[in-house]
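So the chains spell out like this:
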Amino acid sequence: MVENLKRYGVISSKRVAQVMEALDRGLFVPVGSSAYVDTPVPIGYNATISAPHMHATCLQLLEDKLHPGMRALDVGSGTGYLTGCFALMVGAEGRVVGVDHIPELVDMSIKNIEKSVAASFLKKGSLSLHVGDGRKGWQEFAPYDAIHVGAAASEIPQPLLDQLKPGGRMVIPLGTYFQELKVIDKNEDGSIKVHTETSVRYVPLTSRVEQLGGF
Ligand code: SAH
């Protein structure tokens with residue numbers, strides 16, 4: 001899978017390739033679904049694990065904010081795959097927080113991580129996964145060098161901007177039907193710079209009731 005992403009020019013970073021090779025996506029997708037094909041996979045509760053090329057793209061966009069000792073927040077952590085990648089990158093001296101509003105998914109993500117090479121970070125406490133409304137971020141460990149949002153919002157939630165460290169970067173899909181992946185850099189003076197990376201298709205960042213409607 002990682003070899004193909006390299007061949008097609010999606011992965012250019014050695015560090016990102018190493019992390020995605022180390023963390024086995026097969027442990028994070030439901031049994032019987034294709035783990036190593038470049039496609040999103042349904043994980044229940046009207047959610048999906050993102051396609052590997054999206055994980056790779058977001059890791060590369062955030063790579064500079066994922067050095068050992070840094071802090072990262074993963075909103076809409078779902079299976080925990082990307083949260084686990086963050087933990088491998090920032091290491092035991094760093095801090096990674098995943099937040100999802102579906103308790104069953106948070107339980108599942110903890111079990112997935114426990115089976116993986118990221119298990120020790122969970123055990124020692126540099127990685128934690130929580131149930132909560134990710135639109136509020138996770139104040140406890142703020143501010144964050146890196147914030148990733150894994151579901152599409154109609155606008156950037158203010159608490160997430162507030163919890164981004166000066167010098168930090170957020171990657172967030174914005175929009176409803178037509179969505180764009182936005183990269184938001186907070187300058188040292190607190191001002192914000194936004195650029196559009198690419199068009200994307202994510203599940204919405206919404207309330208639990210909205211997400212589970214008709215489920
Ligand atoms: N990065 C995850 C993506 C999962 S899909 C992965 O690749 O596994 C998006 C996730 O966002 C879903 O798990 C969904 O439950 C979650 N989500 C949607 N709205 C949310 C909200 N307001 N707060 C927290 N999580 C939310």
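A quick note: this is a predicted structure, and the numbers were derived from the prediction, not measured. (Residues numbered from 1 in each chain as written. Predicted model: local features only at pLDDT ≥ 70, side-chain atom pairs only at ≥ 80, totals over all residues. Heavy atoms only, no water.)

K.L.:
With reference to specific residues and values, describe the site of the ligand.
P.N.:
Around the ligand there are 24 residues in total, and His-55, Thr-79, Asp-100, Gly-134 and Thr-206 lie nearest to it. The side chain of His-55 places a nitrogen or oxygen atom 2.8 Å from an oxygen atom of the ligand. Within the backbone of Thr-206, one N or O atom sits 2.7 Å away from a nitrogen atom of the ligand. The element best represented in the shell around the ligand is strand β2 (residues 47-49), accounting for three residues. (Near = heavy atom within 4 Å. Polar contact = N/O pair within 3.5 Å; in protein donor to acceptor, adjacent residues only side chain to side chain. Helix = DSSP H or I, 4+ residues; strand = E, 2+ residues; numbered from the N terminus.)

K.L.:
Break down the sheet that holds strand β4 (residues 95-100) for me, citing the residues and quoting the values.
P.N.:
With respect to topology, seven strands assemble into an open sheet ordered β5-β4-β3-β6-β7-β8-β9, the strand pairing being mixed. With partners counted over all chains shown, the strands left at the sheet margins are β5 (127-131) and β9 (192-200), one partner each. On average, each strand axis in the sheet is inclined to that of its neighbour by 15°, with strand direction left out of account. Both strand β7 (residues 164-175) and strand β8 (residues 179-186) contribute to a ladder of seven bridges, which runs antiparallel. Opposite Val-171, over in β8, you have Val-183 as the bridge partner. Sheet strands touched by helix α5 (residues 103-114): β4 and β5. Its angle to β5, the strand with the most contacts, is close to 160°. (Pairing = 2+ DSSP bridges. Axes fitted to C-alpha atoms, helices over the stretch in contact; angles between N-to-C directions. Contact = heavy atoms within 4.5 Å.)

K.L.:
Let's hear about the pairing of β8: which residues, and what values?
P.N.:
Burial analysis of β8 places seven of its eight residues in the buried class, the great majority of the element. Here β8 runs beside β9; their pairing, made up of eight bridges, is antiparallel. Of the residues in β9, the one forming a bridge with Asp-185 is Lys-193. (Buried < 20%, exposed > 50% of the residue type's maximum accessible area, 1.4 Å probe, protein only.)

K.L.:
Lay out helix α3 (residues 52-62) in plain terms, naming residues and giving numbers.
P.N.:
Helical periodicity: at 3.6 residues per turn, an α-helix aligns residues three or four positions apart in one direction. Counting buried positions over the eleven residues of α3 gives nine, a clear majority of the element. Looking only at α3, the buried set comprises Pro-52, Met-54, His-55, Ala-56, Thr-57, Cys-58, Leu-59, Leu-61 and Leu-62.

K.L.:
Report on the nonpolar core, specifying residues and quantitative values.
P.N.:
Formed by 47 residues in total, the largest nonpolar core has its most connected members in Ile-11, Met-20, Leu-59, Leu-66, Phe-86 and Leu-181. Broken down by element, the residue count for this core peaks at seven residues, all from helix α4 (residues 81-90). In contact with Phe-86, other than residues within four places in its own chain, are Leu-59, Leu-62, Leu-66, Ala-72, Leu-73, Asp-74, Val-96 and His-148. Ranked by size, the runner-up nonpolar core spans 19 residues in total, among them Leu-73, Val-99, Ile-147 and Ala-151. (Core = buried A, V, L, I, M, F, W, Y, C linked by side-chain atoms within 4.5 Å.)

K.L.:
Would you mind going over the state of the cysteines in detail, with residue names and values included?
P.N.:
Throughout the structure, instances matching the rule amount to zero disulfides. The thiol sulfur of Cys-58 is not disulfide-bonded, and the nearest other cysteine sulfur, from Cys-85, lies at 11 Å. With relative accessibility at 0%, the residue Cys-85 sits in the buried group. (Disulfide = S-S within 2.5 Å.)

K.L.:
Please provide a residue-by-residue account of the pattern of salt bridges, values included.
P.N.:
Applying the stated criterion across every chain, the model contains six salt bridges. One salt bridge in this structure joins Arg-15 and Glu-63, with 3.9 Å as the shortest N-O distance. Here Glu-63 lies in the loop between α3 and β3 (71-75) and Arg-15 lies in helix α2 (residues 14-22), a separation of 48 residues in the sequence. When the shortest N-O distance is used, the salt bridge between Glu-180 and Lys-182 registers 3.1 Å. (Salt bridge = Lys/Arg side-chain N within 4 Å of Asp/Glu carboxyl O.)

K.L.:
Describe in detail the packing of aromatic side chains, supporting the description with residues and values.
P.N.:
Scanning all chains against the criterion turns up two aromatic pairs. Judged by centre distance (5.3 Å) and plane angle (85°), the rings of Phe-28 and Tyr-81 are edge-to-face. With a gap of 53 residues between them, Phe-28 in the loop between α2 and β1 (41-44) and Tyr-81 in helix α4 connect regions that are remote in the sequence. Classification of Phe-28 as buried rests on a relative accessible area of 1%. For Tyr-81, a relative accessible area of 0% puts it in the buried group. Taking 5.4 Å as the distance between ring centres and 85° as the angle between the ring planes, the aromatic pair formed by Tyr-177 and Phe-178 counts as edge-to-face. Each member of the pair Tyr-177 and Phe-178 is classed as exposed. Of note, Arg-95 hangs over the ring of Phe-141, and the distance from its end group to the ring centre comes to 3.7 Å. In this structure, Arg-201 is placed above the aromatic ring of Tyr-177, and the distance from its NZ or CZ to the ring centre is 4.5 Å. (Phe/Tyr/Trp six-rings, centres within 6.5 Å; stacked < 30°, edge-to-face > 60°. Lys NZ or Arg CZ within 6 Å of the ring centre and 35° of its normal.)

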